[in-house]
Amino acid sequence: MHEDEEWHEPFVADEYIERLVWRTPGGGSRGGPEAFDPKRLLEEFVNHIQELQIMDERIQRKVEKLEQQCQKEAKEFARKVQELQKSNQVAFQHFQELDEHISYVATKVCHLGDQLEGVNTPRQRAVEAQKLMKYFNEFLDGELKSDVFTNSEKLNDFLFLGKYHDLECQLIQEFTGAQRRGEISRMREVAAVLLHFKGAYLRNDIFEDAAVLCQRVNKQVGDIFSNPETVLAKLIQNVFEIKLQSFVKDQLQECWKSDAEQYLKSLYDLYTRTTNLSSKLMEFNLGTDKQTFLSKLIKSIFISYLESYIEIETGYLKSRSAMILQRYYDSKNHQKRSIGTGGIQDLKERIRQRTNLPLGPSIDTHGETFLSQEVVVNLLQETKQAFERCHRLSDPSDLPRNAFRIFTILVEFLCIEHIDYALETGLAGIPSSDSKNANLYFLDVVHQANTIFHLFDKQFNDHLMPLIRTLNCMIGQMKHILAAEQKKTDFKPEDENNVLIQYTNACVKVCAYVRKQVEKIKNSMDGKNVDTVLMELGVRFHRLIYEHLQQYSYSCMGGMLAICDVAEYRKCAKDFKLFDTLHALCNLLVVNPDNLKQVCSGEQLANLDKNILHSFVQLRADYRSARLARHFS
């Protein structure tokens, strides 16, 4: 037996005995010259048992020795741990003492710093006051020797000491004197200088700055000039023609030819912000026709850009749409091919032919429909943005024509180049009637095309229909009738007990006009187109009447007459189904004040915003009475 085997390999009794028997001569059953010898094998077993006993004793002695050594080292380790704990306690005590000392020193330093600051602050103020008095002495004597006056880089430091405001006041006085002398050119020069003062422009947004400037000047100009509206108008003109025009030019010049998309976005944003600024300026007194005045200023800035807008818009939309389609077909490794000139209108005839006549080999589309909702969404999104820009940037007289041009581009690339092409390709892929195991992928094409066309139809209704001029003309004509025929005395008659009319004259004429237009629409269109156009007309008609009724004050009898008018509007617009709530709102004009809350919580008004209800109650002639104030406090 080898001791190394016992130390380096796990002991398995069966395997050990097997190896022992195998090595012992005469111990196996292998036959041959040495037959099985049980005595010899027994002797070998006895010898090995003795060896194992001796080894066991030797190992046991080693174990006992190692245990004693382990116990000794454990005691030594425990002693060292105790010593380390004592050292750690001493270090921790020293650390606490050091921390307390640091806190004490920090307190002393803070106290000293406070004392120094208390001494230094008055001293610093005295030094600054001395410098300021020195600067003032030089300025009053006219001998500007200090660096703050002679060094241009330090001029701003001087301005912030107070001279900045003084210079602004002097320029305003100069502007006033030039106005009184009638020196227009001098006024323009001074105004141009004033525009650069922080009192004029306080923000990085030039449009907000212009609004703030005009608001400030509007408050002061009345105290200075005899004709403040002329002066304010002149200031606004300078802001538009000098500042805004230059700013717009710089913004658009960067992307005029290099980036059509960014140019269109910038033009839309700048024009929108300029018109919003114009709306804010409408609250000021600028003379007799401020609407025309401001419109001319806006036109002077954007006229050159708006004249070429639609050409840039349609050119960009075409190139962008073509790129979207080409990118899709490239991703499919598909080269568009000519499928013939029949078009979708020949669908029935071609299917009939394919089911009765052999037409030769068909195109194998491998199950690809060549339709993509992602492509469609991208095309519709681009067109939607184009419609929004068209609505904002087109002249009203050109709006329908421009919107139609954008729509035809959508039809070309979405309906013809994508949907129609996919249908034609699908038709060409229909196998002949005698084909075996044919896959009719054309039905998948039809399904996707139908889904896509619903998206196209939605955009037509949402974005093109509102731009159609015909409906604008109808609403405009209704506005004209109401403005010409409706009188304030209709709803506040002088004699409450002697009202002989059932409806107001304005209502009668508007209803007659609406019935006539509804009849024309029904005769001119069919299917869902009629419903779509009537719904759009109905929404606009309802909004017109809603806003119109809020312009008047109502007595009790006038409120009853308003209810009768709305009932007539509802009758003539029965196809719209939009006047039920308005009719209920008009009841608030005549109901007893004590019953207002009950009426407001009724079925038709309960879900309306309280502000809407309140706006109608305010139209009552008795609104300021104690009872109504109590109900809507």
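Residues numbered from 1 in each chain as written. Predicted model: local features only at pLDDT ≥ 70, side-chain atom pairs only at ≥ 80, totals over all residues. Heavy atoms only, no water.

### Remarks on the overall build of the protein
Within the protein, the secondary structure is distributed over 23 helices and 0 strands. When burial is assessed residue by residue, the protein has 34% of its 633 residues classed as buried. Taking the intrachain contacts of the protein between residues at least 6 apart in sequence as the baseline, contacts between residues at least 24 apart amount to 72%. Of the accessible surface of the protein, which amounts to about 40,100 Å², a share of 52% is contributed by carbon and sulfur atoms. (Helix = DSSP H or I, 4+ residues; strand = E, 2+ residues; numbered from the N terminus. Buried < 20%, exposed > 50% of the residue type's maximum accessible area, 1.4 Å probe, protein only. Contact = heavy atoms within 4.5 Å. Areas by Shrake-Rupley, 256 points an atom, 1.4 Å probe, with all protein chains shown as cover.)

### Here's the deal with the packing of helix α17 (residues 505-524) against helix α18 (residues 528-549)
In the contact formed by α17 and α18, the axes pass within 10 Å of each other and the chain directions differ by 160°. The orientation of α17 with respect to α18, classified from their angle, is roughly antiparallel. Considering the relative orientation of α17 and α18, their crossing is right-handed. On α18, the residues that touch Val510, Val514, Val518, Ile521 and Lys522 of α17 are Val530, Val533, Leu534, Leu537 and Phe541. (Axes fitted to C-alpha atoms, helices over the stretch in contact; angles between N-to-C directions. Parallel < 35°, antiparallel > 145°, perpendicular 65-115°, else oblique. Left-handed = near helix turned anticlockwise from the far one by under 90°.)

### A few points about the environment of Val590
With respect to the helices and strands, Val590 occurs in the loop between α20 (580-586) and α21 (596-600). Residue class for Val590 comes out partly exposed when judged on its relative accessible area of 23%. Along the primary structure Val590 and Val617 are separated by 27 residues, whereas in three dimensions their C-alpha atoms are 9.4 Å apart. Excluding its chain neighbours within four sequence positions, the residues that come into contact with Val590 are Cys556, Gly559, Met560, Ile563 and Arg620.

### Concerning the environment of Gly538
Within the secondary structure, Gly538 is located in helix α18. Given a relative accessible area of 0%, Gly538 falls into the buried group.

### Some words on the confidence of the model for the protein
The pLDDT averaged across the protein works out to 77; a share of 75% of its residues lies at or above 70. Mean pLDDT across the elements of the protein ranges from a minimum in helix α1 (residues 3-8), with 48, to a maximum in helix α9 (residues 260-281), with 92. Contacts of residues 341-345 to residues separated by more than four positions or lying in other chains number 5 contacts, the stretch itself having pLDDT below 50. Low pLDDT (under 50) marks residues 355-361, which in the prediction has 3 contacts with non-local residues, meaning those over four places away or in another chain. (pLDDT = per-residue confidence, 0-100.)

### Brief notes about a nonpolar patch on the surface
Residues Tyr104, Val105 and Val109 make up a contiguous nonpolar surface patch of roughly 290 Å² in combined accessible area. One can find Val105 in helix α3 (residues 38-141). (Patch = residues over 30% accessible without salt bridge, like charges linked within 9 Å, V, L, I, M, F, W, Y side chains within 5 Å. Salt bridge = Lys/Arg side-chain N within 4 Å of Asp/Glu carboxyl O.)

### A look at the UniProt feature "coiled-coil region" (unreviewed entry) in the protein
Here the UniProt feature "coiled-coil region" (unreviewed entry) sits at residues 49-87. End-to-end, the C-alpha atoms of residues 49-87 are 56 Å apart, and along that stretch the chain is 100% helix and 0% strand. (UniProt positions renumbered as here; feature names shortened; annotations may be inferred.)

### A look at helix α11 (residues 309-331)
Taking 1.5 Å per residue, 23 residues should reach 33 Å; α11 reaches 33 Å between its end C-alpha atoms and fits that length. Those residues of α11 not exposed but buried are Tyr309, Ile310, Glu313, Thr314, Tyr316, Leu317, Ser321, Ile324, Leu325, Tyr328 and Tyr329. Looking one or two places after α11, you find Asn333, whose phi comes out positive at around 55°. (Expected span 1.5 Å × (residues − 1).)

### Digging into the layout of surface pockets
Roughly 810 Å³ of volume is contained in the largest pocket. Along its surface, the largest pocket is lined by 30 residues, and Tyr271, Leu393, Ser394, Asp395 and Pro396 are the ones closest to its centre. Contributions of two or more residues to the lining of the largest pocket are made by α9, α10 (290-307), α11, α13 (373-393) and α14 (399-428). Top contributing element to the lining of the largest pocket by residue count: α10, with 8 residues. (1 Å grid on protein atoms, 1.4 Å probe; cavity = no way out; pocket = protein on both sides within 12 Å on 5 of 7 lines; lining within 4 Å. Points joined across faces, edges and corners; volume = space filled by probe spheres on them.)

### Quick look at the pattern of salt bridges
Following the criterion strictly, the structure yields 12 salt bridges and no others. For Glu76, the salt bridge is made with Arg79, and the minimal N-O distance between the two is 2.1 Å. Taken as a pair, Glu76 and Arg79 lie in helix α3 at a separation of 3 residues, close to a single helical turn. For Glu76, a relative accessible area of 33% puts it in the partly exposed group. The shortest N-O distance in the salt bridge between Lys280 and Glu208 comes to 3.1 Å.

### Observations concerning the packing of aromatic side chains
Summed over all chains, the structure comprises 6 aromatic pairs. Residues Tyr271 and Phe302 carry aromatic rings whose centres are separated by 5.1 Å and whose planes lie at 80° to one another, so their mutual orientation is edge-to-face. One end of the pair, Tyr271, is in helix α9; the other, Phe302, is in helix α10, and 31 residues separate them in sequence. Across the pair, Phe302 and Tyr271 agree in class, each one buried. Grouped by ring-pair contacts, the aromatic residues Phe491, Tyr552 and Tyr554 constitute a single cluster. (Phe/Tyr/Trp six-rings, centres within 6.5 Å; stacked < 30°, edge-to-face > 60°.)

### Here we look at empty space enclosed by the protein
The final tally for this structure, using the stated rule, is 2 cavities of 30 Å³ or more. Considered as a void within the structure, the second largest cavity measures approximately 30 Å³ in volume. Taken together, Glu261, Leu264, Lys265, Tyr316, Glu382, Gln385 and Arg389 form the lining of the second largest cavity. Within the lining of the second largest cavity, the residues separate by chemical class into 2 nonpolar, 1 polar and 4 charged. (Nonpolar A, V, L, I, M, F, W, Y, C, P; charged D, E, K, R; others polar.)

### Observations concerning the nonpolar core
Grouped together as the largest cluster of nonpolar side chains are 59 residues, with contacts concentrated most on Ile236, Phe240, Leu244, Leu267, Leu277, Leu281 and Phe302. Of all the elements in the fold, those that place two or more residues in this core are α7 (206-224), α8 (228-253), α9, α10, α11, α13 and α14. For this core, the element with the most residues is α14, which contributes 12 residues. Sequence-distant contacts of Leu281, that is, excluding residues within four places in its chain, are made with Cys214, Ile236, Phe240, Leu286 and Leu294. By size, the runner-up hydrophobic cluster in this structure holds 46 residues, among which are Leu482, Ala506, Ile521 and Cys572. (Core = buried A, V, L, I, M, F, W, Y, C linked by side-chain atoms within 4.5 Å.)

### Side note on unusual backbone geometry
Residue Asn333 is not a glycine yet carries a positive backbone phi of 55°. By secondary structure assignment, the location of Asn333 is in the loop between α11 and α12 (347-356). Under the relative-accessibility criterion, Asn333 is labelled exposed at 76%.

### Points about the side chain of Thr274
Within the secondary structure, Thr274 is located in helix α9. With relative accessibility at 0%, the residue Thr274 sits in the buried group. Those residues in contact with Thr274 that sit more than four places away from it in its chain are Phe207, Phe240, Ile298 and Phe302.

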